[in-house]
Amino acid sequence: MAKNKEAKAIRGGIQKPQFWIEPYLFLLPSLLIFGMFLYYPFFRTIFLSMFLTNKTGHAKIFVAFTEKDNYLALFKSASFWASVRVTFKFVFAVAFGGLLIGLTSSLLTEKKYAGSNFTAAVYAMPIAIASAAASMAFKMVLHPTNGLLNNIMGTQINFTGDMRYALGSVIAVTVWLTSGINFIFISAGLRNVPAELYDSAAVDGAGYWRRVWSVTIPSISPTLFFQIIINIIGAFQSFSQIKLLTEGGPGDTTNVMVWSIYMDAFRNFRFGSAAARSVILFLIVMVITVIQFRFEKRGVNY
Amino acid sequence: MRITTVQRRKLQNAGRFVLNIPLMLVILIPLLYTFSISVMPPDEIYNNHLIPTSVKFTNYVQAFTNPYYNFPRMILNSFVVSTTVMLGQMITCSLAAFAFSFLEFKGKNLLFLAVLATMMVPGEVTIIANYLTMMRWGWLDSYRALIFPFLTSAMGIFLLRQYYLTFAKELYEAAKLDGCSNLRFLGSIVVPLSRPALGALGAYVFLNTWNQYMWPLLVTNSRNYRTVQIGISMLYDIDAVSLGLMMAGVVIVIVPSLSIFVFMNKQLINGLMSGAVKG
């Protein structure tokens, strides 16, 4: 018996008996932080979403499955559905806009030339810029009377205050912000395309666009798919641009879900309803993440 | 006249660069314009100049010296918070990653899954409950509120664990045979060997914390604890007329971000690429 134990210890390469609680002590700081600021608030949010709360966020009246249910109230409200529609428009435009700029900039810098390192640095740079700082810069660019864009076009358009332009403006700012990460991932994907594929295409006499369309894009389709998902999840979380440029308006035209959570909780002090919105946002993002896992297993490649 | 190969290469080079100019301008112009406005005399801003006729740094002097804007304090706040969060994550993530890669214990896989699962929850989803926690604890308007919730991250643990897993198991076993404790092994062997991964984590976390907006906006009310990102956005509310001052503020907060981008480019991009799994 004792001999057996000894042999086991030697085989395991560890002779000193391990202090059994030690591994958990190594994990303790991280688990405490996760517990207090992630797991607890996550369940707390679900809990709150079932209550009417007072102004300090205390759950007061249990309303789940009654006619005052927070979710039911949201599903019945036109403003909620407007916000969902705006969010999906915004997310879709940002995801594909970011992808398009990332793909273009990656293709443009695919072949090295004098100065291509500088160009690549410029394309990657937006990853470093804070969304708040960029929003303020764009506030100036889009300024109705003294801004760059109106100067160049000789107009006085109120880009962030006009129903017709507000959503487009925040989409443009967000695409600018997300272009850096799109460039980094897509150009990394391009570098991994085997050169032989291009060679055989060249032998077949395929022109540039033909090669891009039938060799490059299919070869990097897993990267593109992954990048679209990253863009979508990122776009769902956009806040600074909305807060600093449009405040959700005019009307509900830029009232994306995160903004409506903020308004519900911190302007109207309806924490229960805001919590319900948060849970819905979580479910949407989770479904998208699950779709990504599914596809990643299968691999998007033709 | 025949074109030599060298000439053709030069032409090709120039052609490729020219093709890139339009898109480069789209990325650069908002920032160049911001800088241009920040050094422009006010009357030129209102006469819609694009480039100043003379460069004035009065806006920067104003931003730093006028106590009304409280800018130096906000820069200090951002530095204190970002540095603490960065160092904190380096420590907590190293410890956790060490347990997940070198130690064997009950529930290891389950706990690792619990860590990874946190990546599924966007911060905006838990922000209300976290805000209420801060309110109940009386933590609003303090460094604690800005620092504690961010003292660990699944991305950091994952990044370091992947790196540790590349170490030879024999290294650990040899150290154990010599009677080296786990903590000493981590401190004197693993950490020095994992500098590239720690650098990537550090650059990424510092930048992300420096760039935070929503959480600091919610949990700070007084001028004493506002971070610089909130500060620049409030310059507009305080004084919508001083567009130049506002743009000087934007330039000031972008400089540290850009410095990290320029000087720690490789680390930052490595950190970003492992962080993007989270999205």
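Quick notes on the rules
Residues numbered from 1 in each chain as written. Chains lettered and ligands numbered in written order. Predicted model: local features only at pLDDT ≥ 70, side-chain atom pairs only at ≥ 80, totals over all residues. Helix = DSSP H or I, 4+ residues; strand = E, 2+ residues; numbered from the N terminus. Rg over C-alpha atoms; globule rule 2.2 N^0.38 Å. Buried ≥ 20, exposed ≤ 12 C-beta atoms within 10 Å, placed from the backbone. Contact = placed C-beta atoms within 7 Å. Domains from an automatic or database assignment. Nonpolar A, V, L, I, M, F, W, Y, C, P; charged D, E, K, R; others polar. Expected span 1.5 Å × (residues − 1). Bend = angle between axes of the 7 residues up to and from the residue. Pairing = 2+ DSSP bridges. pLDDT = per-residue confidence, 0-100. Axes fitted to C-alpha atoms, helices over the stretch in contact; angles between N-to-C directions. Parallel < 35°, antiparallel > 145°, perpendicular 65-115°, else oblique. Left-handed = near helix turned anticlockwise from the far one by under 90°.

1. Quick word on the overall build of chain B
Reasoning step 1: Looking only at helices and strands, chain B has 15 helices and zero strands in total.
Reasoning step 2: Here the C-alpha radius of gyration of chain B, 24 Å, is well above what a compact globule of 279 residues would show, namely 19 Å.
Reasoning step 3: Referenced to the eigenvectors of the C-alpha coordinate spread, the extents of chain B come out at roughly 75 × 75 × 30 Å.
Reasoning step 4: For chain B, the proportion of its 279 residues judged to be buried stands at 44%.
Reasoning step 5: Sequence-distant contacts, at least 24 apart, represent 76% of the contacts inside chain B between residues at least 6 apart.

2. Considering the domain arrangement of chain B
All names here are of chain B.
Reasoning step 1: In terms of domain boundaries, chain B breaks down into domain 1 (5-56) and domain 2 (68-275).
Reasoning step 2: Here the C-alpha centroids of domain 1 and domain 2 sit 34 Å apart.
Reasoning step 3: Contact with domain 1, which involves seven residues of that partner, is made by six residues of domain 2.
Reasoning step 4: Only α1 (5-38) and α2 (42-46) provide two or more residues apiece to the side of domain 1 that touches domain 2.
Reasoning step 5: It is α1 that contributes the most residues to the side of domain 1 that touches domain 2, four residues altogether.
Reasoning step 6: A class-by-class count of the residues in the side of domain 1 that touches domain 2 yields five nonpolar, two polar and no charged.

3. A word on the interface of chain B and chain A
Reasoning step 1: On the chain A side, the residues contacting the 71 residues of chain B number 75 residues.
Reasoning step 2: Looking at which element gives the most residues to the side of chain B that touches chain A, the answer is α1(B), with 14 residues.
Reasoning step 3: Residue classes in the side of chain B that touches chain A are distributed as 51 nonpolar, 16 polar and four charged.

4. Points about α1(B)
Residues and elements named next belong to chain B.
Reasoning step 1: End to end, α1 covers 46 Å across 34 residues, agreeing with the expected 50 Å (1.5 Å per residue, within 8%).
Reasoning step 2: For α1, the principal kink sits at L28 and spans about 45°; a proline, P30, occurs within the next four residues.
Reasoning step 3: All of the buried residues along α1 are N20, I27, P30, L31, Y33, T34, S36, I37 and S38.

5. Structural notes on the pairing of strand β2 (residues 59-62) of chain A
Residue and element names in this part refer to chain A.
Reasoning step 1: The pairing of strand β1 (residues 51-53) with β2 spans three bridges and is classified as antiparallel. Among the inter-strand pairings, T53 is bridged to a residue of β2, identified as A59.
Reasoning step 2: Hairpin remark: β1 followed by β2, antiparallel, with five residues in the connecting loop; positive phi at G57, about 80°.

6. A short note on helix α6 (residues 131-141) of chain A
Reasoning step 1: Summarising burial for α6(A): eleven of the eleven residues are buried, a large majority.
Reasoning step 2: For α6(A), the set of buried residues is S131(A), A132(A), A133(A), A134(A), S135(A), M136(A), A137(A), F138(A), K139(A), M140(A) and V141(A).

7. Some remarks on unusual backbone geometry
For residues besides glycine, phi is generally negative; the peptide bonds are generally trans as well.
Reasoning step 1: Unlike most non-glycine residues, F269(A) shows phi in positive territory, near 55°.
Reasoning step 2: Among the structural elements, F269(A) can be located in the loop between α13 (257-266) and α14 (271-298).
Reasoning step 3: Overall, the presence of 14 C-beta atoms within 10 Å leaves F269(A) in the partly exposed class.
Reasoning step 4: Unlike most non-glycine residues, N48(B) shows phi in positive territory, near 60°.
Reasoning step 5: With respect to the helices and strands, N48(B) occurs in the loop between α2 and α3 (58-65).
Reasoning step 6: Of the residues examined, N48(B) has 15 C-beta atoms within 10 Å and is grouped as partly exposed.

8. Overview of the confidence of the model for chain B
Reasoning step 1: Confidence along chain B averages 90 in pLDDT terms, with 96% of residues attaining 70 or more.
Reasoning step 2: For this predicted complex, the interface score ipTM comes out at 0.91, alongside a pTM of 0.90.

9. Some remarks on the environment of Y164(B)
Residue and element names in this part refer to chain B.
Reasoning step 1: Here Y164 lies in helix α8 (residues 154-164).
Reasoning step 2: Note: C-alpha distance between Y164 and N265 (101 residues apart in sequence) is 22 Å.
Reasoning step 3: Setting aside residues no more than four positions away along its own chain, Y164 makes contact with A97, F98, S101, F102, V190 and S194.

10. What about the confidence of the model for chain A?
All names here are of chain A.
Reasoning step 1: Scored by pLDDT, chain A has a mean of 88; 92% of the residues are at 70 or more.
Reasoning step 2: Element-level pLDDT for chain A is lowest in helix α1 (residues 2-12), with a mean of 46, against a maximum mean of 96 in helix α2 (residues 22-48).
Reasoning step 3: Ignoring residues within four places in sequence, the model shows residues 1-16, a span with pLDDT below 50, making six contacts including any to other chains.

11. Structural notes on the packing of α3(B) against helix α14 (residues 243-263) of chain B
Residues and elements named next belong to chain B.
Reasoning step 1: Closest axis-to-axis distance for the α3/α14 pair is 9 Å, and the angle between their directions is 75°. Our classification of the angle between α3 and α14 gives roughly perpendicular. Where α3 abuts α14, its residues N59, Y60, Q62 and A63 lie against G244, L245, A248, G249 and I252.
Reasoning step 2: Of the residues assigned to the contact of α3 with α14, the class counts are five nonpolar, four polar and no charged.

12. Focus: the packing of helix α4 (residues 78-108) of chain A against helix α11 (residues 221-236) of chain A
Residue and element names in this part refer to chain A.
Reasoning step 1: Relative orientation of the contacting elements α4 and α11 amounts to 135°, with a least axis distance of 8 Å. Taken together, the axis directions place α4 and α11 in an arrangement best described as oblique. Crossing angle aside, the handedness with which α4 passes α11 is right-handed. Every residue of α11 that contacts α4 at F90, V91, V94, A95, G98, L99 and G102 is listed here: L224, Q227, I228, N231, I232, A235 and F236.
Reasoning step 2: Its residues placed into classes, the contact of α4 with α11 shows ten nonpolar, four polar and no charged.

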